[in-house]
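Survey of secondary and tertiary structure
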Amino acid sequence: MKILLALTDATDLDMVRAVLLAEGHDPCTAHDGQAVLTAMQEKPDMVIMDAELTGISGYECCRQIKHNDKNKHKPVVLLMPTQGTTAWARFSDCGADDFIELPLLPHIIKAKVKLLLHISELYHRLDASHRHAEQEIRLAKHMFDSITKRQPQEVDFLHFWGLSAGHFCGDLFIFERTPEHHLHVFLGDFTGHGLAAAMGALPVSDIFFAMTRNGEPLEEIIAAINHKLYDIMPTGKFCAAVFMRLEADYSRLEFWNGGLPPILLVDRQHKIAGNFESAHLPLGIVDPAEFALATGSVELSGIHSVVLCSDGLIEAQNAVGECYGEERLAQALTRNSKDSCPFNRVKSSALHFLEGLEPHDDVSLAVININ
Amino acid sequence: MNTATNTKLHIHLTRLGDTATIHLNGQFVFDAHREFKSAYMNQLADPEITRIAIDLAGVRYLDSSALGMLLVLRDRVLDCSKSLTLSQPSTIAARTFEIAGFKELFHIH
């Protein structure tokens, strides 16, 4: 390793250089503070210098070296001359990684260098793996965004709000019309976030769009998606989901809830007129042969809106650890308010509740206004 | 709120006859997966143990990865021809199992 040395005492310098050479390192030298800063352009792996260098002091050199983000994990060691409290205060303020007290002893130099280079190597590995993880998250976000952008058209009476627990919201919300103009809607919450969610979202959306455009019934689509996820996902990974089919004339809703909070119907008087609990296992858990498909169905006369959410909304916690909960959701939906749109009421109630906190699970809310 | 102490899942084991009970206290989330797995793997390997029970009375929160861990455990228990019970789920755990339809897959009491 290339190690930059700035030592005023010539005997010490010779000794340290000999120790480093014996360890197979490549020592280079700088005679004062300014020379240290210039020599940083040669990108040494480590710096060992006197705290009391002439010109720019070792403390100040260290501060300037550490100011550059690239040197964040580069070990800087100061050789501390005195036992004065000022020197130690300056040491702890300058951001150095370690110190060696004078007089110098060869075995201590050897041990410190070995230890600090080892720590520095661990930091670099951690950095590399962090960068790798971020690349994967960006890939996942790109894939996920592409899927939702495949939505053929906006539907003006359909509102969706997603709030992510991390880099992006991994709940999948998609919809499409059948050739007969019925509207199919899907909300899915995959186990885990990021890449895991994006991987599952690909086949789900492929099957959902293709079969809906073919005019296939909801039950066939649900069965096909469960089958696909059952085949490809490991045990323990699944997708809690709601499927809905809204008749072209808005007269009737067909629904299937596997593992998401209840689907709520709100009538024109702001009362909860329907509550359809999860009646099935989430997608991807059970063998297609044993999978329960039966959908429910309800007339929509007098209904103002259909409300869906992921459990991230119900379980969102505020600063004192309370959950948003099903009751707050029902209150927000039924409260008399100037805002007649349930979507806006719930969204503002949830944001108010969170007070700017990031939720610990993805929050999603979908509302279909029936008119 | 001190999240450092509140987020940790405490796991301990009791054995009575042919039954090993794994008691969970705290937040049952992904962070606990290694410790949870090692808690049951030893019991699955023990020929004297034929029944595994997961005591969920002290679970204050669980997420979908906890459900995933229970599904993985269920597969492993079935592979060993042993039995699995989810016992005394706390209110929040019971509600989560209800929504996830777990009563179709697990013996819960």
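A brief report on the enclosed structure follows.

So, how was this worked out
- Residues numbered from 1 in each chain as written.
- Chains lettered and ligands numbered in written order.
- Predicted model: local features only at pLDDT ≥ 70, side-chain atom pairs only at ≥ 80, totals over all residues.
- Heavy atoms only, no water.
- Contact = heavy atoms within 4.5 Å.
- Buried area = accessible area lost by both parts, 1.4 Å probe.
- Salt bridge = Lys/Arg side-chain N within 4 Å of Asp/Glu carboxyl O.
- Polar contact = N/O pair within 3.5 Å; in protein donor to acceptor, adjacent residues only side chain to side chain.
- Nonpolar A, V, L, I, M, F, W, Y, C, P; charged D, E, K, R; others polar.
- Pairing = 2+ DSSP bridges.
- Helix = DSSP H or I, 4+ residues; strand = E, 2+ residues; numbered from the N terminus.
- Axes fitted to C-alpha atoms, helices over the stretch in contact; angles between N-to-C directions.
- 1 Å grid on protein atoms, 1.4 Å probe; cavity = no way out; pocket = protein on both sides within 12 Å on 5 of 7 lines; lining within 4 Å.
- Points joined across faces, edges and corners; volume = space filled by probe spheres on them.
- Expected span 1.5 Å × (residues − 1).
- Bend = angle between axes of the 7 residues up to and from the residue.
- Core = buried A, V, L, I, M, F, W, Y, C linked by side-chain atoms within 4.5 Å.
- Buried < 20%, exposed > 50% of the residue type's maximum accessible area, 1.4 Å probe, protein only.
- Lys, Arg positive; Asp, Glu negative; His and termini not counted.
- Parallel < 35°, antiparallel > 145°, perpendicular 65-115°, else oblique.
- Left-handed = near helix turned anticlockwise from the far one by under 90°.
- Phe/Tyr/Trp six-rings, centres within 6.5 Å; stacked < 30°, edge-to-face > 60°.
- Lys NZ or Arg CZ within 6 Å of the ring centre and 35° of its normal.

Brief notes about the interface of chain A and chain B
Counting residues at the interface gives 22 residues for chain A and 18 residues for chain B. Both faces combined, the contact of chain A with chain B buries some 1600 Å², and carbon together with sulfur accounts for 57% of it. Sorting the residues of chain A by area buried against chain B places T235, F238 and L281 of chain A first, and these three jointly supply 28% of that buried surface. Our enumeration of links across chain A and chain B arrives at two salt bridges. Among the salt bridges present, the one from E326 of chain A reaches R95 of chain B, with a minimum N-O distance of 2.8 Å. Here chain A and chain B share seven residue pairs in polar contact (both at pLDDT 80 or more) between them. For the side of chain A that touches chain B, a count of residues per class yields ten nonpolar, nine polar and three charged.

Description of the sheet that holds strand β5 (residues 98-101) of chain A
Residue and element names in this part refer to chain A. Read across the open sheet, the five strands follow the order β2-β1-β3-β4-β5; overall the sheet is parallel. Two strands bound the open sheet, and with one partner strand each, they are β2 (26-29) and β5. Each neighbouring strand pair of the sheet contributes to a mean axis angle of 20°, computed without reference to strand direction. Relative to strand β3 (residues 46-50), strand β1 (residues 2-6) runs parallel, the two sharing four bridges. Bridging across to β3, I3 finds its partner in M46.

A short note on the layout of surface pockets
Residues and elements named next belong to chain A. Considering only enclosed or pocket space, the second largest pocket measures out at about 380 Å³ in volume. Around the second largest pocket, the lining is made up of 19 residues, and of these T148, Q151, F160, F173 and F175 lie nearest the centre. Counting residues per element, the ones that place at least two in the lining of the second largest pocket are α5 (106-149), β6 (158-163) and β7 (171-177). For the lining of the second largest pocket, the per-class residue count stands at nine nonpolar, six polar and four charged.

Details of helix α6 (residues 194-213) of chain A
All names here are of chain A. Taking 1.5 Å per residue, 20 residues should reach 28 Å; α6 reaches 28 Å between its end C-alpha atoms and fits that length. Maximal helix bending in α6 amounts to about 25°, located at A201; proline P203 follows within four positions. One or two steps after α6, the chain reaches G215, where phi turns positive at roughly 75°.

Some words on the nonpolar core
By size, the foremost hydrophobic cluster in this structure holds 65 residues, and its most contacted members are F186, F243 and L283 of chain A together with L24, F28, F36 and I54 of chain B. With eight residues, α6 of chain A is the largest single contributor of residues to this core. F173, F175, V242 and F276 of chain A belong to the second largest nonpolar core, which has 26 residues in total.

Overview of the environment of F190 of chain A
All names here are of chain A. Mapped onto the fold, F190 is located in strand β8 (residues 183-190). Once the C-alpha coordinates of F190 and T148 are considered, the two residues, 42 residues apart in sequence, prove to be 15 Å apart. Residue contacts for F190: discarding those within four places in its chain leaves G170, L172, A197, G200, A201, V204, M233, F238 and C239.

A closer look at the side chain of N318 of chain A
Residue and element names in this part refer to chain A. Its place among the elements puts N318 in the loop between α8 (311-314) and α9 (325-334). For N318, a relative accessible area of 10% translates into the label buried. Separated by 2.9 Å, the side chains of N318 and E322 make a polar contact. Leave out the neighbours within four places in its chain, and N318 touches F353 and L357.

Here we look at the side chain of K82 of chain B
Residue and element names in this part refer to chain B. If you trace the backbone, K82 turns up in the loop between α3 (64-79) and β4 (83-87). No salt bridge is formed by the buried K82, whose closest oppositely charged neighbour, D46, lies at an N-O distance of 6.2 Å. A polar contact is formed between the side chain of K82 and the backbone oxygen of D46, at a distance of 2.8 Å.

Section: the packing of helix α1 (residues 10-22) of chain A against α5 of chain A
All names here are of chain A. It is the contact of α1 with α5, at a shortest axis distance of 10 Å, that shows an interaxial angle of 50°. With respect to each other, α1 and α5 are oriented oblique. Like other packed secondary-structure pairs, α1 and α5 cross with a definite hand, here right-handed. Touching M15, V16, V19 and L20 of α1 are P106, I109, K110 and V113, all from α5. Across the contact of α1 with α5, the residue classes break down as seven nonpolar, no polar and one charged.

Observations regarding the sheet that holds strand β3 (residues 51-62) of chain B
All names here are of chain B. With respect to topology, five strands assemble into an open sheet ordered β1-β2-β3-β4-β5, the strand pairing being mixed. Two strands lie at the open edges of the sheet, namely β1 (10-16) and β5 (107-108), each paired on one side alone. As paired strands, β4 and β5 are joined by two bridges and run parallel to one another. By the bridge assignment for β5, T85 is matched with H107. Across the sheet, α3 is in contact with β2 (19-28), β3 and β4; its angle to β4 comes to roughly 150°.

Points about the packing of aromatic side chains
The geometry of an aromatic ring pair is captured by the separation of the ring centres together with the interplanar angle, meaning the angle of the planes. All names here are of chain A. Enumeration over the complete set of coordinates arrives at 17 aromatic pairs over all chains. Geometrically, the ring pair formed by W88 and F99 is edge-to-face, given 4.7 Å between the ring centres and 80° between the ring planes. Of this pair, W88 sits in helix α4 (residues 85-94) while F99 sits in strand β5, and the two are eleven residues apart along the sequence. Since its relative accessible area comes to 23%, W88 is described here as partly exposed. According to the relative accessible area criterion, F99 is partly exposed, its value standing at 28%. Ring centres 5.4 Å apart and planes at 80° place the aromatic pair F157 and Y250 in the edge-to-face group. Linking F157 in the loop between α5 and β6 with Y250 in the loop between β9 (239-246) and β10 (252-258), this pair joins segments that are 93 residues apart in sequence. For F157, a relative accessible area of 14% corresponds to the buried category. Note on Y250: relative accessible area 26%, which makes it partly exposed. Through a chain of ring-to-ring contacts, the aromatic side chains of F186, F208, F209, F243, W256 and F291 assemble into a single cluster. Of note, K112 hangs over the ring of F99, and the distance from its end group to the ring centre comes to 5.5 Å.

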